[in-house]
Amino acid sequence: MDKIDQGEKVSIFYFKLEEMDLYILISYELDTKKKKVGLNRLFLCAEKELINKYIKRFNLASSLLEVQDFEEQILTNLEQAINDYFSGKNVDLYEKVQELNVEIDLKKMFNSEFSYNVIKALLEIKNGEYTTYSHIGNKINSKAYRAIGNVLKNNPVPLIIPCHRVIRKDGKIGGFMGIEGNGWETDLKKKMLMIEGISPN
DNA sequence: CCCTTTGAAACAG
DNA sequence: CTGTTTCAAAGGG
């Protein structure tokens, strides 16, 4: 685990998944009083080079920093939980993350009423279940299916907030992390659904 | 402000 | 498969 400074408040760290060649980069803020980690963003990519580019693009310093004890513990647990999930253990990452003192500020992440409602409806879909864009629309009383897709596309924390559980009503897999069609992104979405016991076409 | 454009979609044909 | 419908959000006058 390498922690890297991103200025005053925000830190990032990254790791490689054990089960596959994917890298995960997480940005977060510390709450030293509550001894919690506030999750800002989770970024997935298939090549380590992209992580380096990402760091440079956001003008991040590459020097390693002191990591506080509670912080190290939380981040290690988080990394472990994500690896457990991909190794097929039955973990619901959104629920797990709360146990680990990782906070997700939904109102800050989804600051319009519409996007907040979309995410609230999504979070009712538990591990082992799936839903469709139109079903979410029904729940929040909206026919703006494509707008719902936009909210999910802009999910700052994929894997954790389970946008992968939303597929198209016609049975197709739909997009993932902004990407439609073939690519490692949709393969990953399929894989996660299979881990959760769902086999989409 | 108002107008236009743009969507990990859905539907009808 | 191909239009058409749909409406929230973002961007440009």
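The structure this text deals with has already been given above.
Now for a quick tour of the structure. (Residues numbered from 1 in each chain as written. Chains lettered and ligands numbered in written order. Predicted model: local features only at pLDDT ≥ 70, side-chain atom pairs only at ≥ 80, totals over all residues. Heavy atoms only, no water.)

### Brief notes about the layout of surface pockets
Put simply, the largest pocket is a space of about 920 Å³. As for the largest pocket, its lining consists of 35 residues, of which K153, G175, F176, G178 and E180 are closest to the centre. Counting only elements with at least two residues in the lining of the largest pocket, the list comes to β4 (36-45), α6 (133-139), α7 (145-153) and α8 (184-195). Its residues assigned to classes, the lining of the largest pocket shows 14 nonpolar, 10 polar and 11 charged. Considered as a void within the structure, the second largest pocket measures approximately 250 Å³ in volume. In terms of lining, the second largest pocket is formed by E29, L30, D31, V37, G38, L39, N40, E103, I104, D105, K108 and M109. Put simply, the parts of the chain that give the lining of the second largest pocket at least two residues each are β3 (23-31), β4 and α4 (106-109). Per-element tally for the lining of the second largest pocket: the top contributor is β4, with 4 residues. When the residues that make up the lining of the second largest pocket are grouped by side-chain class, the tally is 5 nonpolar, 2 polar and 5 charged. (1 Å grid on protein atoms, 1.4 Å probe; cavity = no way out; pocket = protein on both sides within 12 Å on 5 of 7 lines; lining within 4 Å. Points joined across faces, edges and corners; volume = space filled by probe spheres on them. Helix = DSSP H or I, 4+ residues; strand = E, 2+ residues; numbered from the N terminus. Nonpolar A, V, L, I, M, F, W, Y, C, P; charged D, E, K, R; others polar.)

### Things to note about the packing of helix α5 (residues 113-122) against α7
At a minimum axis separation of 10 Å, α5 and α7 run at an interaxial angle of 80°. Here α5 is positioned roughly perpendicular relative to α7, judged by the angle of their axes. Seen from α5, the contacting residues are F114, S115, V118, I119 and L122; seen from α7, they are A147, I148, V151 and L152. Residue composition of the contact of α5 with α7, by class: 8 nonpolar, 1 polar and no charged. (Axes fitted to C-alpha atoms, helices over the stretch in contact; angles between N-to-C directions. Parallel < 35°, antiparallel > 145°, perpendicular 65-115°, else oblique. Contact = heavy atoms within 4.5 Å.)

### A closer look at the protein's contact with DNA strand B
Around DNA strand B there are 17 residues in total, and Y133, R146, N150, K153 and M177 lie nearest to it. Backbone polar atom of L152 to a base nitrogen of DNA strand B: 3.2 Å apart, as the coordinates give it. M177 has a polar backbone atom sitting 3.2 Å from a base nitrogen of DNA strand B. Residue assignment for the surface near DNA strand B shows that the elements contributing at least two residues are α6 and α7. (Near = heavy atom within 4 Å. Polar contact = N/O pair within 3.5 Å; in protein donor to acceptor, adjacent residues only side chain to side chain.)

### Focus: the pairing of β4
Where β3 meets β4, 9 bridges bridge the pair, whose relative direction is antiparallel. By the bridge assignment for β4, Y28 is matched with L39. Taking the residues that link successive antiparallel strands as the turn, the β3-β4 hairpin has 4 residues, and the phi of K35 there is positive, at about 55°. Pairing analysis gives 2 bridges linking β4 to strand β5 (residues 102-103), with the strands arranged parallel. (Pairing = 2+ DSSP bridges.)

### Considerations on the nonpolar core
Soluble globular proteins: nonpolar side chains tend toward being buried together. One finds I26, I82 and I161 to be the most contacted residues of the largest nonpolar core, which totals 49 residues. Counting residues per element, this core draws most heavily on helix α2 (residues 69-86), at 8 residues. Beyond its immediate chain neighbours, meaning those up to four positions away, I82 contacts F15, L17, I24, I26, L42, L93 and L159. Membership of the second largest hydrophobic core comes to 8 residues, among which are Y23, I51, Y54 and I55. (Core = buried A, V, L, I, M, F, W, Y, C linked by side-chain atoms within 4.5 Å. Buried < 20%, exposed > 50% of the residue type's maximum accessible area, 1.4 Å probe, protein only.)

### Remarks on the protein's contact with DNA strand C
The local shell around DNA strand C consists of S112, F114, S115, A144 and A147. Atoms of DNA strand C within 4 Å of the protein: sugar and phosphate make up 100%, bases the balance. For DNA strand C, a phosphate oxygen lies 2.4 Å from a polar atom in the side chain of S112. In the surface near DNA strand C, the residues fall into 3 nonpolar, 2 polar and no charged.

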